[in-house]
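Below, each chain spelled out in residue letters.
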Amino acid sequence: MHDLSPKSPRDSEVVMTQLILPPDANNLNAAFGGKVMQWIDICGAVAAQRHCRQVVVTASMDDLHFHAPIRVGWIALLHARVLAAFRTSLEVGVTVHAENPLTGERHLTTSALLTFVAQGQDGKGVPVPPLLLESDAERQAFQEAEARRAQRRGRGKEEQNWMKVMKPVAGA
C-alpha cells in the first residue's frame, strides 16, 4: 500500500520549459495548439504522479484556452499544480506563459484544467492522498474543483448527443 497521508500542493508543482522550434509551429510561425496541448498533458501528469506516486492516466482536459500565440524562437514556460484530490482522481491546473528570450518579457498564452486518474498495476483506480490545503486560495481552488467535478459527473451520456452525428468516415 502506498502513502495516503495528506500532501501539500507545493510538493508536486512542476515547471517545464520548451523552446519553440520551426517543427513545433504552424504556417503563422506560432506553436501548434496540439503541441502545446501535448506539453500541458505531460506537465500535468508529472504533477499528478508526484502527488500520488502512482501511474496516472488523463481522464479529461477542461477549460483549455489559448489566450495568445507563442512565436518561434520564444520559450514556453509551463507550470502545473494539483488543485484537488478526490478518491482516485486529481484535478491539475496548468498555465503556459511565453517568454521573449531577448527581452525577458512574459505573458500568459494558455491555461487548462486536467483530470487524471491514478491506476494500479491491474489498470483499476487506486486511492490518492488528500490535498493538504494551507491557504484560503488553495481552499477556494479546491471548492471550485469540486463544483467542476460535480458538473462533469452530472453531464453523463445524455449530453453527448453530438457524437450521434459523427458517422465513421469511409476508408478511414
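Everything numeric in this text was worked out from a predicted model, so none of it was measured.

Undergrad: Got a minute to help me understand the side chain of Glu 91 in this structure?
TA: For Glu 91, the location among the structural elements is in strand 4 (residues 89–99). The exposure class of Glu 91 is buried, given its relative accessible area of 1%. Contact partners of Glu 91, with chain neighbours within four places excluded, come to Arg 81, Val 82, Leu 83, Ala 84, Leu 113, Leu 114, Ala 145, Arg 148 and Arg 152.

Undergrad: How do you make sense of the UniProt feature "domain: HotDog ACOT-type" (unreviewed entry) in the protein when you look at a structure like this?
TA: Under the UniProt annotation, "domain: HotDog ACOT-type" (unreviewed entry) lies at residues 10–122. Across residues 10–122 one finds 18% helix and 48% strand; the C-alpha atoms that close the span lie 30 Å apart.

Undergrad: How should the pattern of salt bridges be read in this particular structure?
TA: Any two side chains of opposite charge can pair, so long as their charged atoms come close to each other. The full count for this structure, using the stated rule, is 9 salt bridges. Here Lys 35 makes a salt bridge to Asp 24, at a shortest N to O gap of 4.0 Å. Of this pair, Lys 35 sits in helix 1 (residues 33–52) while Asp 24 sits in the loop between strand 1 (14–19) and helix 1, placing them 11 residues apart in sequence. What makes Lys 35 partly exposed here is its relative accessible area of 27%. Look at Asp 24 and you get buried, because its relative accessible area is 11%. A network of salt bridges, in which partner residues are shared, links Asp 62, Glu 91, Arg 148 and Arg 152.

Undergrad: Would you mind showing me how to read the state of the cysteines here?
TA: Here is the idea: a disulfide is a covalent bond, and it sits between the sulfur atoms of two cysteines. Taken as a whole, this structure holds 0 disulfides when the rule is applied. Summary of cysteine pairing: Cys 43 is not part of a disulfide, and the nearest cysteine sulfur, belonging to Cys 52, is at 15 Å. Judged by relative accessible area, which is 1%, Cys 52 ranks as buried.

Undergrad: Would you mind going over the pairing of strand 3 (residues 75–85) with me for this structure?
TA: Residues in a regular strand project their side chains so that they alternate between the two faces of the sheet. Burial within strand 3 is extensive, with 9 of its 11 residues counted as buried. Pairing between strand 1 and strand 3: 6 bridges, direction antiparallel. Residue Val 14 lies in a different strand from strand 3, and its bridge partner there is Ala 80. Here strand 3 runs beside strand 4; their pairing, made up of 10 bridges, is antiparallel. By the bridge assignment, Ala 84 is partnered in strand 4 with Glu 91. Joining the antiparallel neighbours strand 3 and strand 4 is a turn of 3 residues.

Undergrad: Explain the packing of aromatic side chains here, please?
TA: Aromatic rings considered in pairs are described by the distance between their centres and by the relative angle of their planes. On inspection of all chains with the given rule, the structure shows 1 aromatic pair. One Lys or Arg, Arg 149, reaches over the ring of Phe 86 and ends 4.3 Å from the middle of that ring.

Undergrad: Teacher, can you tell me more about the environment of Asp 3 here?
TA: Inspection of the secondary structure assignment puts Asp 3 in the segment before strand 1. For Asp 3, a relative accessible area of 46% translates into the label partly exposed. Taking the C-alpha atoms as reference points, Asp 3 and Leu 90, 87 residues apart in sequence, are found 16 Å from one another. Here the side chain of Asp 3 touches Ser 5 through a polar contact of 2.8 Å, side chain to side chain.

Calculation rules
Residues numbered from 1 in each chain as written. Predicted model: local features only at pLDDT ≥ 70, side-chain atom pairs only at ≥ 80, totals over all residues. Heavy atoms only, no water. Helix = DSSP H or I, 4+ residues; strand = E, 2+ residues; numbered from the N terminus. Buried < 20%, exposed > 50% of the residue type's maximum accessible area, 1.4 Å probe, protein only. Contact = heavy atoms within 4.5 Å. UniProt positions renumbered as here; feature names shortened; annotations may be inferred. Salt bridge = Lys/Arg side-chain N within 4 Å of Asp/Glu carboxyl O. Disulfide = S-S within 2.5 Å. Pairing = 2+ DSSP bridges. Phe/Tyr/Trp six-rings, centres within 6.5 Å; stacked < 30°, edge-to-face > 60°. Lys NZ or Arg CZ within 6 Å of the ring centre and 35° of its normal. Polar contact = N/O pair within 3.5 Å; in protein donor to acceptor, adjacent residues only side chain to side chain.

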